[in-house]
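Residues per chain are reported as follows:
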Amino acid sequence: MTLSGGALSHVHRLFWDELGMCACGDPDTARVLVRDLLALAPFHEHPRAEVVALIGTEGAFHLVLTMLENVGLIDHGFTLNGSWLTDKGRWYLQALQQIDDWSVIDADGIGSPEHECTDACWTAAVSAQPPL
Ligand SMILES: [Zn+2]
């Protein structure tokens, strides 16, 4: 399935602006990690070792989950081990699972949305995401 330009621009914003990633090296591996982590949430339904194994180390576990929380994809109460998806995280999980070729978010004409995102962005269906 091909995402709309509006949906792709939101994915572009997540990786470029919010997570501050650049295109050097192999950013697709990090994009896949974000997608796969969101798919494991809520983390209290999986053994902690499964989530740590996906990320690599205990230190990276704490750092990566903190980054995902800082950009509003997950939230937690007592401990990061029990993090769950926010509405934004659910929206991104659906969007990221529809991307086979990550170059689409870096394609000409795909930039970040011109609006400030609100909760309305995350309650709209991925397929119904409005244009830029
Ligand atoms: Zn938006």
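Residue indices begin from 1 for each chain and proceed along its sequence in written order. Note on the predicted model: pLDDT of at least 70 is required for a residue's local features to be given, and 80 or more for side-chain atom pairs to be given and counted; whole-chain, interface and lining totals, by contrast, use all residues.

Notes on the overall build of the protein
What counts as a helix is a DSSP run of H or I of at least four residues, what counts as a strand is a run of E of at least two, and both are numbered from the N terminus. The secondary structure content of the protein amounts to six helices and two strands. Shown N-terminal to C-terminal, the secondary structure of the protein runs as helices and strands in the order α-α-α-α-β-β-α-α. In terms of overall dimensions, the protein is globule-like: its C-alpha atoms have a radius of gyration of 14 Å, near the 14 Å expected for 132 residues. With the C-alpha coordinates aligned to their principal axes, the bounding extent of the protein is approximately 40 × 35 × 25 Å. Comment: burial labels come from other C-beta atoms within 10 Å of the residue's own C-beta, placed from the backbone, where a count of 20 or more is buried, 12 or fewer is exposed, and between is partly exposed. Looking at the protein as a whole, 26% of its 132 residues are labelled buried. Remark: residues whose backbone-derived C-beta atoms lie within 7 Å of one another are considered to be in contact. Here the contacts in the protein between residues at least 6 apart in sequence split such that 65% fall between residues at least 24 apart. In this treatment the radius of gyration is a C-alpha quantity, and the globule benchmark scales as 2.2 Å times the residue count to the 0.38 power.

Focus on unusual backbone geometry
Residue Pro42 is bonded to the preceding Ala41 through a cis peptide linkage, with omega at 0°. By the element assignment, Pro42 lies in the loop between helix 2 (27-40) and helix 3 (48-55).

Focus: the packing of helix 3 against helix 4 (residues 58-70)
Structural elements are reduced to axes, namely lines fitted to C-alpha atoms, with helices fitted over the stretch in contact, and the angle between N-to-C directions of any two is expressed from 0 to 180 degrees. Running from N to C, helix 3 and helix 4 point in directions that differ by 85°, and their axes come no closer than 8 Å. Viewed along their axes, helix 3 and helix 4 adopt a mutual orientation that is roughly perpendicular. Packed against helix 3, whose contacting residues are Val51, Val52 and Ile55, the element helix 4 presents Glu58, Ala60, Phe61 and Val64 at the interface. Residues are grouped as follows: nonpolar covers Ala, Val, Leu, Ile, Met, Phe, Trp, Tyr, Cys and Pro; charged covers Asp, Glu, Lys and Arg; every other residue, Gly included, is treated as polar. Partitioned by chemical class, the residues of the contact of helix 3 with helix 4 number six nonpolar, no polar and one charged. In this scheme, roughly parallel covers angles under 35 degrees and roughly antiparallel covers those over 145, while 65 to 115 is roughly perpendicular and the rest are oblique.

Some details on the nonpolar core
Nonpolar side chains tend to gather and get buried jointly when the protein is soluble and globular. Membership of the largest hydrophobic core comes to 27 residues, with the highest contact counts inside it found for Val11, Leu38, Tyr92, Ala95 and Leu96. Mapped by element, the contributors of at least two residues to this core are helix 1 (5-18), helix 2, helix 4 and helix 5 (87-96). The residues touching Leu38, leaving out its near neighbours within four places in the chain, are Leu73, Leu85, Gly89, Tyr92, Leu93 and Leu96. Put simply, a nonpolar core is buried Ala, Val, Leu, Ile, Met, Phe, Trp, Tyr and Cys residues tied into one set by C-beta atoms within 7 Å.

Let's talk about helix 5
Within helix 5, seven of the ten residues are buried, which leaves it mostly tucked inside the rest of the structure. Among all positions of helix 5, only Lys88, Gly89, Trp91, Tyr92, Leu93, Ala95 and Leu96 are buried. The inward-facing, buried residues of helix 5 abut helix 1, helix 2, strand 1 (74-75), strand 2 (84-85) and helix 6 (119-123).

A closer look at the environment of Phe43
Relative to the helices and strands, Phe43 resides in the loop between helix 2 and helix 3. For Phe43, a count of 22 C-beta atoms within 10 Å gives the class buried. It is 9.7 Å that separates the C-alpha atoms of Phe43 and His76, two residues lying 33 residues apart in sequence. Setting aside residues no more than four positions away along its own chain, Phe43 makes contact with Val51, Asn81, Gly82 and Ser83.

Considerations on the packing of helix 1 against helix 5
When two helices pack together, their arrangement is given by the angle between the helix axes and the distance between those axes. Packing of helix 1 against helix 5 leaves a shortest axis separation of 11 Å and a crossing angle of 110°. The angle between helix 1 and helix 5 places the two elements in the roughly perpendicular class. The chirality of how helix 1 crosses helix 5 is left-handed. In this structure, helix 1 uses Ala7, His10, Val11 and Leu14 to contact helix 5, whose residues at the interface are Tyr92, Ala95 and Leu96. In this scheme the handedness of a crossing depends on how the near helix is turned from the far one: anticlockwise by less than a right angle means left-handed, clockwise means right-handed.

Regarding the environment of Gln98
Secondary-structure assignment places Gln98 in the loop between helix 5 and helix 6. Considered as a pair, Gln98 and Leu65 are 33 residues apart in the sequence and their alpha carbons are 22 Å apart.

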